[in-house]
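Residues per chain are reported as follows:
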Amino acid sequence: MGALLSDAAVIERVLDHIDNKTTDVGDDSWREPTDNYRSEERHLAEIELLKRLPIPFCPSAALPQAGSYVARAAAGTPLVVVRGEDGVVRGFRNACRHRGNQVASGSGCVKAFICGYHGWTYRLDGRLRHIPHDQGFPDIDKSEHSLVPVDTSEKHGLVFVTQEEPVADGALEGLDDLPDLFAPDQRIFASGDNVSDVNWKLSMEGNLEGYHIKPTHKETFYPYGFDNLNVVETFGNNSRVTYPFRRIEKLRNLQPESRNIAGMVTYVYQLFPNVTISVLSNHTILTISEPLSPSQTRFINYRLTNKGEQKEGERAQRDASFVSDTGGKEDAAVIRAIQESLTSGANEYFTYGKYEKAIVHFHKTLSDLLKRVETK
Ligand code: FES
Ligand SMILES: [Fe+2]
């Protein structure tokens, strides 16, 4: 993946920043109107955009065998993705072709989807296989009543779904520019979701800069990390922010080729626009933000073992420590406070500076792509 620095180069850059008391900076600052966090119209435009981009739906590891499926709403639309007998992952609108009941819920492993209302039964490739008492439907052509497919592809250890015509030529090819994010040996050991009364972008922004580390996380992350010392890279619409730990200094005395970055930094990848992958010391978290309204978001989380890590759970426990739990609550409290102040009228816009380079990239890209949605 040429667009991102190698681990060795990241280490070098971090050590330079420590020596020079510097951090990565962007070229521009940005003003984002606060209306964009409140307006229903903007929310609907963002939902439309989410349907027209390839968006991670779940890790490949959530679909380990033929018949494994995951069902949930994405951009407000109920979908189901399933691994077929042929090993191929397919996605469908989760709506029975009789009268629209959802044919799957949650996750699991099935031989076929049997609608719970009247029992219409679909093969894993979506074809309608069986209608109970089908003499009641003398004119129906089964082949015209398959589950409705959505464009689905599996790459880099993730399943991507594009629900509607892509917003930009090349939006799908853009997937080729991503690094391999999950290796086949990474396993899911926990997953879940929660709903929070915040705009999804406020929450996303909190992941994308280290300028807040000392004031917000004075006794949690700051004692182990640095204030405002990050490597910030953008690649395509996406970005990666590196948060080093102080212990990275131990690598100074090693030859570059014998330095191992594991446990020395947290990498946070943002897959534009609503997905993050945080590679922590002992496990990796995939989070998909599903905007429910301008002021409410569902967060879908998968926790996976790290590459080459055999003992799941046990080591990950170390990341789920007092420090990261409390640190997470500190972030959540700030985001709720911002959400509440949106209606105060104090800010017509928020200003993002050069230390908030990944957020500037996020808003610029979002703004550009939304213009294309509107003109379609
Ligand atoms: S709605 Fe599915 S079988 Fe009737
Ligand atoms: Fe934070």
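Residues numbered from 1 in each chain as written. Chains lettered and ligands numbered in written order. Predicted model: local features only at pLDDT ≥ 70, side-chain atom pairs only at ≥ 80, totals over all residues. Heavy atoms only, no water.

1. Here we look at the packing of aromatic side chains
Throughout the structure, instances matching the rule amount to seven aromatic pairs. Here the aromatic rings of tyrosine 37 and phenylalanine 350 are separated by 5.6 Å at their centres, their planes lie at 55°, and the arrangement is tilted. Pair noted here: tyrosine 37 is in the loop between strand 1 (30–33) and helix 2 (40–51) and phenylalanine 350 is in strand 19 (residues 349–352), with a separation of 313 residues, a long-range link. What makes tyrosine 37 buried here is its relative accessible area of 0%. (Phe/Tyr/Trp six-rings, centres within 6.5 Å; stacked < 30°, edge-to-face > 60°. Helix = DSSP H or I, 4+ residues; strand = E, 2+ residues; numbered from the N terminus. Buried < 20%, exposed > 50% of the residue type's maximum accessible area, 1.4 Å probe, protein only.)

2. A look at the coordination of the iron ion (ligand 2)
Distances from the iron ion (ligand 2) to its protein donors, His212 (NE2), His217 (NE2), Asp331 (OD) and Asp331 (OD), fall at 2.0 to 2.6 Å. Note that the iron ion (ligand 2) binds four donor atoms; their angles at the metal cover 55 to 157°, and the shape is irregular. As a motif over one chain, the donors of the iron ion (ligand 2) read H-x4-H-x113-D. Look at histidine 212 and you get buried, because its relative accessible area is 13%. (Donors = N, O, S within 2.8 Å, 3.2 Å for Na, K, Ca; no water. Tetrahedral: all angles 85-135°; square planar, octahedral: opposite > 155°, others 65-115°.)

3. Focus: unusual backbone geometry
In this structure, the amide linkage connecting phenylalanine 272 to the following residue, proline 273, adopts the cis form with an omega of -5°. The phi angle at lysine 21 is positive, at roughly 50°, despite the residue not being glycine. Looking at the secondary structure, you find lysine 21 in the loop between helix 1 (7–20) and strand 1. A relative accessible area of 78% means that lysine 21 is categorised as exposed. The residue alanine 75 is not glycine, and still its phi comes out positive at about 50°. Considering the arrangement of structural elements, one finds alanine 75 in the loop between strand 3 (68–74) and strand 4 (77–83).

4. Details of the pattern of salt bridges
Scanning the entire structure with this criterion turns up 15 salt bridges. Its salt-bridge partner being lysine 364, residue aspartate 28 comes within 2.8 Å of it at the nearest N-O pair. On the criterion of sequence distance, the pair formed by aspartate 28 in the loop between helix 1 and strand 1 and lysine 364 in helix 7 (residues 357–375) is long-range, its members being 336 residues apart. For aspartate 28, a relative accessible area of 36% puts it in the partly exposed group. The partner of arginine 252 in a salt bridge is glutamate 249, and the shortest N-O contact between them spans 2.8 Å. On the basis of relative accessibility, which here comes to 32%, the residue glutamate 249 falls in the partly exposed class. (Salt bridge = Lys/Arg side-chain N within 4 Å of Asp/Glu carboxyl O.)

5. Observations concerning the pairing of strand 10 (residues 149–155)
Pairing of strand 5 (residues 89–93) with strand 10 involves two bridges; the strand directions are antiparallel. Paired with phenylalanine 92 across the strands is proline 149, a residue of strand 10. Both strand 10 and strand 11 (residues 158–162) contribute to a ladder of five bridges, which runs antiparallel. Pairing of serine 153 across the sheet is with phenylalanine 160, part of strand 11. Between the end of strand 10 and the start of strand 11, which pair antiparallel, lie two residues, with histidine 156 showing a positive phi angle near 60°. (Pairing = 2+ DSSP bridges.)

6. Regarding the nonpolar core
Counting residues in each nonpolar core, the largest one holds 43 residues, and the members touching the most others are Cys58, Val81 and Ile248. The element that contributes the greatest number of residues to this core is helix 1, accounting for five residues. Excluding its chain neighbours within four sequence positions, the residues that come into contact with cysteine 58 are Leu63, Val70, Val81, Leu158, Val159, Leu286, Ile288 and Tyr302. Judged by nonpolar contacts, the second largest core, of 35 residues, contains Ile213, Phe299, Val360 and Leu370. (Core = buried A, V, L, I, M, F, W, Y, C linked by side-chain atoms within 4.5 Å. Contact = heavy atoms within 4.5 Å.)

7. Considerations on the pairing of strand 11
The element strand 11 is largely enclosed, with a buried count of five among its five residues. A two-sided burial pattern is seen for strand 11, the buried positions comprising Leu158, Phe160 and Thr162 on one face and Val159 and Val161 on the other. Where strand 2 (residues 55–59) meets strand 11, four bridges bridge the pair, whose relative direction is antiparallel. Opposite proline 59, over in strand 11, you have leucine 158 as the bridge partner.

8. Remarks on a nonpolar patch on the surface
Nonpolar side chains collect at one region of the surface, where Val25, Tyr211 and Tyr355 lie side by side and expose about 280 Å² of accessible area between them. Mapping valine 25 onto the fold places it in the loop between helix 1 and strand 1. (Patch = residues over 30% accessible without salt bridge, like charges linked within 9 Å, V, L, I, M, F, W, Y side chains within 5 Å. Areas by Shrake-Rupley, 256 points an atom, 1.4 Å probe, with all protein chains shown as cover.)

9. Brief notes about the sheet that holds strand 14 (residues 238–244)
The sheet built from seven strands is open, its strands ordered 12-18-17-16-15-14-13 with antiparallel pairing. If you trace the sheet from one side to the other, it starts and ends with strand 12 (188–196) and strand 13 (231–235), each paired once. Direction aside, the axes of adjacent strands within the sheet are offset by 15° on average. Pairing between strand 15 (residues 265–271) and strand 16 (residues 275–279): five bridges, direction antiparallel. (Axes fitted to C-alpha atoms, helices over the stretch in contact; angles between N-to-C directions.)

10. Topic: the sheet that holds strand 5
Reading across from one edge, 2-11-10-5-4-3-6 is the order of the seven strands in this open sheet, with antiparallel pairing throughout. Sheet topology places strand 2 and strand 6 (107–109) at the edges, where each strand pairs with a single neighbour. Shown here is a sheet whose adjacent strand axes are inclined to one another by a mean of 25°, direction ignored. Judged from the three bridges that link them, strand 3 and strand 6 form a sheet pairing that is antiparallel. Each residue of the ladder has a partner; that of tyrosine 69, found in strand 6, is glycine 108.

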